[in-house]
Amino acid sequence: MQSRRIVIVSGVDLSAELGDTVLWRAGIERVFCPSVSAALETIPSLSPSLTVVDASDAGAASDLIRRLRLNPPTRLLSVAALSRSSSLEDEAMLRGAGANVVLSGHVDPFLWDGRLEDLLSVPRRRELRVPVLFEVWSRFDTGAPATPGWALNVSVKGALIETEELLDVGSKLDIAFTLPGSNADLKALAQVVREMADANGGYRAGVEFLVLRGDARERLAAFIGEPVEV
C-alpha cells in the first residue's frame with residue numbers, strides 16, 4: 001500500500017487513544033510535532049494527508065486550526081481534532097475553526113475509522129472563485145429563491161463555498177455553478193459537512209456532493225486533472 005503521511009500535533013503520546021485506529025496501521029507515516037510553533041513550521045512543507053490536533057485545550061487547538069485555514073499552503077488540509085471534552089461548545093468551537101472532524105470522548109475505531117479513512121483519501125482539489133447559487137432543502141419553505149455565494153475550491157467529492165448566511169452542518173443543498181472555461185452550469189445535490197466563520201464577517205461551508213447531475217463528475221475530473229473511476 002502506498003505510504004500516507006499524517007502530522008500529529010501534541011505534547012504527549014497519543015498512541016493510547018489512537019493506536020487501535022487506522023492512523024496506526026502499516027502504510028501510514030506519522031510525523032510528530034510537540035508544539036504549535038513546530039506544527040506551523042513543519043506542516044506547510046510536508047503537505048500531509050491528514051493533520052491530527054490534540055484538543056485537550058480547545059481554545060489553543062482552535063487557534064492553531066484557524067491559523068492553518070488562513071494560510072494558503074495549509075488551508076485545504078484535512079484536520080481532525082482529538083478532544084478530551086464532551087462539551088458541545090468545545091466541539092462547536094473546533095468545528096468553527098475549521099476541523100473536518102472532532103473525535104470526542106473515547107475514540108472507538110468502529111465508529112471513527114471510516115471517517116478517518118475518508119480524510120486520509122481526500123481527492124485532489126483545485127482552487128477557483130466562481131459564483132454559485134444554492135437552495136437549502138426545507139419542508140417549510142419550498143418557494144424560497146436561490147441564494148448567491150462563491151465556490152472557492154472543488155473536487156469530485158465536494159466544494160468549499162463562501163456565503164453570507166450560516167449553513168448548518170447536515171443541511172442539504174441544490175447547488176449550481178459554472179466552471180472556468182465552461183458555458184454550462186454544473187449541478188449537484190450537496191450536504192454541508194463543515195461550517196465556519198471567515199475573517200470578513202461571512203461564512204464558509206464545506207459541502208459533500210451526494211448526487212452529481214448529468215456529466216458533472218466527468219467535467220469536474222477533467223477540470224481538476226483527476227482520473228475518473230470506471
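Caption draft 1: Structural view of the overall build of the protein chain. Scanning the protein chain for helices and strands turns up 6 helices and 11 strands. Its C-alpha radius of gyration of 18 Å places the protein chain within 12% of the 17 Å reference for a compact globule of 230 residues. Residue burial in the protein chain is summarised as follows: out of 230 residues, 43% are buried. Accessible surface for the protein chain amounts to roughly 11,900 Å². Of this, 51% is attributable to carbon and sulfur atoms. Side-chain charges of the protein chain comprise 24 positive and 31 negative groups, with the mean position of each set lying 5 Å from the other.

Caption draft 2: Summary view of the pairing of strand S10 (residues 186-197). In terms of strand pairing, strand S9 (residues 172-177) meets S10 through 6 bridges, oriented antiparallel. The residue of S10 that forms the bridge with Phe177 is Leu186. Examined bridge by bridge, S10 and strand S11 (residues 203-212) share 9 bridges and lie antiparallel to one another. Bridge pairing links Ala188 to Leu212 in S11.

Caption draft 3: The sheet that holds S11, seen in detail. If you walk around this closed barrel you meet the 6 strands as S6-S7-S8-S11-S10-S9, and the pairing is antiparallel. The mean inter-strand angle of the sheet, taken between neighbouring strand axes irrespective of direction, is 45 degrees. Where strand S8 (residues 158-163) meets S11, 6 bridges bridge the pair, whose relative direction is antiparallel. Considered in S11, the bridge of Ile161 is made with Ala205.

Caption draft 4: Expanded view of the packing of helix H2 (residues 36-46) against helix H3 (residues 58-70). Where H2 contacts H3, the two axes come as close as 11 Å, and the packing angle between them is 20 degrees. Taken as axis vectors, H2 and H3 run roughly parallel relative to one another. The handedness of the crossing between H2 and H3 comes out as right-handed. Contact residues: H2 offers Val36, Ala39, Leu40 and Ile43, while H3 offers Leu64, Arg67 and Leu68. Here the residues of the contact of H2 with H3 sort into 6 nonpolar, no polar and 1 charged.

Caption draft 5: Up close: the pattern of salt bridges. Taken as a whole and assessed by the stated rule, the structure comprises 12 salt bridges. In this structure, Glu162 and Arg129 form a salt bridge, with 3.0 Å as the shortest nitrogen-oxygen distance. Of this pair, Glu162 sits in strand S8 while Arg129 sits in strand S6 (residues 126-136), and the two are 33 residues apart along the sequence. Residue classification places Arg129 among the partly exposed positions, given a relative accessible area of 48%. Arg204 is the partner of Glu162 in a salt bridge, and the nearest nitrogen-oxygen pair spans 3.8 Å. Here Glu162, found in strand S8, pairs with Arg204, found in strand S11; they are 42 residues apart in sequence, far enough to count as distant. With relative accessibility at 23%, the residue Arg204 sits in the partly exposed group. One connected set of salt bridges, linked through shared partners, spans Glu17, Asp54 and Arg84.

Cut-off values and rules
Note on numbering: residues in each chain are counted from 1, in written sequence order. The model is predicted, so local features are restricted to residues of pLDDT at least 70 and side-chain atom pairs to those at 80 or more, both for listing and for counting; the totals for chains, interfaces and linings are taken over all residues. To get the side-chain values, take all heavy atoms of the structure and skip hydrogens and water. For the purposes of this entry, the term helix denotes a DSSP run of H or I that reaches at least four residues, the term strand denotes a run of E that reaches at least two, and both are numbered from the N terminus. The quantity called the radius of gyration is restricted to C-alpha atoms. Its globule counterpart is 2.2 Å times the number of residues to the power 0.38. Each residue is assigned to one of three classes by its accessible area relative to the maximum for its type, calculated with a 1.4 Å probe on protein chains only: buried under 20%, partly exposed between the two thresholds, exposed over 50%. Note on areas: Shrake-Rupley, 1.4 Å probe, and residue coverage restricted to the protein chains presented here. Counting rule for charge: Lys and Arg are taken as positive, Asp and Glu as negative, and neither His nor the chain ends is counted. Lysine's charge is taken at NZ, arginine's at CZ, aspartate's at CG and glutamate's at CD. Strands pair, by our definition, only if DSSP identifies at least two bridges between them. Working convention: axes come from line fits to C-alpha atoms, limited for helices to the stretch in contact. Angles between N-to-C directions cover 0 to 180 degrees. The scheme is simple: roughly parallel for angles under 35 degrees, roughly antiparallel for over 145, roughly perpendicular for 65 to 115, oblique for anything else. Crossing handedness follows the turn of the near helix against the far one: under a right angle anticlockwise gives a left-handed crossing, and clockwise gives a right-handed one. Here, two residues are considered to be in contact whenever any of their heavy atoms come within 4.5 Å of each other. Three classes are used: nonpolar for Ala, Val, Leu, Ile, Met, Phe, Trp, Tyr, Cys and Pro, charged for Asp, Glu, Lys and Arg, and polar for all others, with Gly counted as polar. We define a salt bridge as a contact between a side-chain nitrogen of Lys or Arg and a carboxyl oxygen of Asp or Glu at a distance within 4 Å.

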